[in-house]
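What follows is the residue order along each chain.
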Amino acid sequence: MFSARSNEVSPFVVMQLLQRASEYENAGKTVVHFEVGEPDFATAEPIVAAAQQAIAAGRTKYTSAQGIPELRQKISGFYSNMGIEVAPDRVLITSGASGGLTLLASLLLDPDDELLITDPGYPCNDVFARLVGARPRPIPVQAQNRFQPTLAEFSAAWTAQTRAALLASPANPTGTMLPADDLAAMAAYAAQQEGFLILDEIYQGLNHGPSIYPSGLAVRDDLFILNSFSKFFGMTGWRLGWVVVPPEAIAPMTKLAQNLFISPNAPAQYAALAAFDDDAMAIHEQRKATFAQRAVMLRDGLLDLGFQIPVIPDGAFYLYVDISHTGMPSMDFCWQLLDQFQVAVTPGDDFGEHHSNSYVRFAYTTNQQAIDLGLQRIKQALTAWGIGY
Ligand SMILES: Cc1ncc(COP(=O)(O)O)c(C=O)c1O
């Protein structure tokens, strides 16, 4: 009865796990949450204060569809601090990276065009392509290549129907960056095919060590860049992000944004002006350091328990963990861990099909005490299930 496209969209397993987790919590049990893909910290206080002021001052009306010039200017300054020149005119403010993906899919893809994506990868990528009648074409990515496509895999996957590729750096669920040489070569290949390369940089700023490049724009200027205030800036629920696009794409994209969204959230845009100020940046940097400490704690704890982490991530707040030694398919592992020990992790199945049965994603968006409790419970689980470590 409803559209075929909507029927093709699968729900996330993690949502069912979350539902079950909240049932345990309602029954008075403590659940350790390793499944949540958003920072556990509240939005930094200077941003909240700026929002309160904006609302009190009546900044609650539609803005320009491209976003307020002051914020586009701040984003341009953010790149300029990285040594990258991005004119504010090339920036369009969106409703999170999700709004950016909606606009980019609408702008770049016609029905029956193919969009290259990675498997594993962010699950919704597939849906943005399908909703405009295009076809997602997954490239299975290998642990030995740090879960990023090689140029050979990329060019072999590119067919006459391919119009664009969507890659992420750092990526979800693996946290790895696409090496600069590969990014340059893939962008050149896409351009040669008269196609487009979209680079999702939503985890930019959340690197554990020095980033191999501050933004893909330092490597190649003609990329379609997706970014968001959700992760590094801790503003998931504000629904604010941005894209940087080549100059010729701004007018058609703004036209689409006018029609689809009218404008991005006005108070959130005024709040985000404060996100780049020194006091807010100091808070974000502090949180990033906390994520890096948690990453080490969780990684070492899981390795001690016999799990394999084939690729140590460059950033984001995820570990993509091989659970083969348990002999359990990832879905069983996740449900049993939740039902018997109240530890929630996301099965690989939510991110694709390639070896997904052997992987789960741990998000360390929870504090060190909870990580410690989670590790103790996983140890109990392995003992109870007779799995050596
Ligand atoms: C890789 C990636 N892209 C895009 C998004 C969408 O984020 P938002 O719409 O909150 O900016 C997410 C959210 O988890 C993500 O992991």
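A.B. asks: Sorry if this is basic, but what is going on with the pairing of strand 12 (residues 359–363) here?
C.D. replies: Extensive coverage of strand 12 is indicated by the burial of five of its five residues. Relative to strand 12, strand 9 (residues 318–322) runs antiparallel, the two being bridged by five bridges. By the bridge assignment, Leu319 is partnered in strand 12 with Phe362. Strand direction decides the pairing type here: strand 11 (residues 346–347) and strand 12, joined by two bridges, are antiparallel. Counted as the bridge partner of Pro347 is Val360 from strand 12.

A.B. asks: Would you explain the site of the ligand in this entry?
C.D. replies: Looking at the ligand, there are 13 residues lining it, with Gly96, Ala97, Ser98, Ser228 and Ser230 nearest. By residue number, the principal contributor to the shell around the ligand is helix 5 (residues 96–108), which donates three residues. Across the shell around the ligand, the residue classes tally to four nonpolar, eight polar and one charged.

A.B. asks: Looking at this structure, how should I read the environment of Asp322?
C.D. replies: Tracing the backbone through its elements, the reader meets Asp322 in strand 9. Residue classification places Asp322 among the partly exposed positions, given that 19 C-beta atoms sit within 10 Å. The residues touching Asp322, leaving out its near neighbours within four places in the chain, are Phe307, Gln308, Pro310, Ser358 and Tyr359.

A.B. asks: Where do I start with helix 3 (residues 45–56) in this structure?
C.D. replies: Spanning twelve residues, helix 3 covers 16 Å between terminal C-alpha atoms, matching the ideal 16 Å at 1.5 Å per step. Buried within helix 3 we find Ile47, Ala50, Ala51 and Ala54. Seen along its axis, helix 3 keeps its buried residues to an arc of 100°; they face one direction. What points out from helix 3, more than 90 degrees from its buried face, is the exposed set Glu45, Gln52 and Ala56.

A.B. asks: It is not clear to me how unusual backbone geometry should be interpreted in this structure. Could you clarify?
C.D. replies: The linkage connecting Ser169 with the following residue, Pro170, adopts the cis geometry, with an omega of -10°. As for its position among the elements, Pro170 is in the loop between strand 5 (162–168) and helix 8 (180–192). In this model, Asn172 is joined to Pro173 through a cis peptide bond whose omega is 15°. For Asp112, which is not glycine, the phi torsion reads 75° and is therefore positive. Position of Asp112 among the secondary structure elements: in the loop between helix 5 and strand 3 (114–119).

A.B. asks: Got a minute to help me understand the packing of helix 12 (residues 330–341) against helix 13 (residues 368–384) in this structure?
C.D. replies: A pair of packed helices can be characterised by two numbers: the angle between their axes and the separation between those axes. Orientation of helix 12 relative to helix 13, taken along the N-to-C sense of each, is 105°, at an axis distance of 11 Å. By the angle between their directions, the pair helix 12 and helix 13 is classed as roughly perpendicular. For the pair helix 12 and helix 13, the contacting residues are Leu337, Gln340 and Phe341 in the first and Arg377, Gln380 and Ala381 in the second. A per-class count over the contact of helix 12 with helix 13 returns three nonpolar, two polar and one charged.

A.B. asks: So what exactly am I meant to see when it comes to helix 8 here?
C.D. replies: Quick reminder: α-helices carry 3.6 residues per turn. Residues three or four places apart thus point the same way. For helix 8, with 13 residues, the first-to-last C-alpha span of 18 Å sits near the 18 Å given by 1.5 Å per residue. Listed as buried for helix 8 are Leu183, Met186, Ala187 and Ala190. The arc enclosing the buried residues of helix 8, seen along the axis, measures out at 100°, which places them on a common side. For helix 8, the exposed residues lying more than 90 degrees away from the buried face are Asp181 and Gln192. Here the buried face of helix 8 lies against helix 7 (151–157), strand 5 and strand 6 (196–200). Of the residues flanking the end of helix 8, it is Glu194, one or two places downstream, whose phi is positive at about 60°.

A.B. asks: Teacher, can you tell me more about the domain arrangement of the protein chain here?
C.D. replies: Interface extent is often summarised as the accessible area lost during association of the parts. For the protein chain, the assigned domains read domain 1 (4–42 + 280–382) and domain 2 (46–277). A straight line from the C-alpha centre of domain 1 to that of domain 2 covers 25 Å. Each partner contributes to the interface: domain 1 provides 33 residues, whereas domain 2 provides 36 residues. When residues of the side of domain 1 that touches domain 2 are traced back to their parent elements, those giving at least two are helix 1 (4–8), helix 11 (278–304) and strand 9. Of the residues forming the side of domain 1 that touches domain 2, the biggest block, eight residues, is contributed by helix 11.

Criteria and cut-off values
Residues numbered from 1 in each chain as written. Predicted model: local features only at pLDDT ≥ 70, side-chain atom pairs only at ≥ 80, totals over all residues. Buried ≥ 20, exposed ≤ 12 C-beta atoms within 10 Å, placed from the backbone. Helix = DSSP H or I, 4+ residues; strand = E, 2+ residues; numbered from the N terminus. Pairing = 2+ DSSP bridges. Near = placed C-beta within 6 Å. Nonpolar A, V, L, I, M, F, W, Y, C, P; charged D, E, K, R; others polar. Contact = placed C-beta atoms within 7 Å. Expected span 1.5 Å × (residues − 1). Arc of directions from axis to C-beta. Axes fitted to C-alpha atoms, helices over the stretch in contact; angles between N-to-C directions. Parallel < 35°, antiparallel > 145°, perpendicular 65-115°, else oblique. Domains from an automatic or database assignment.

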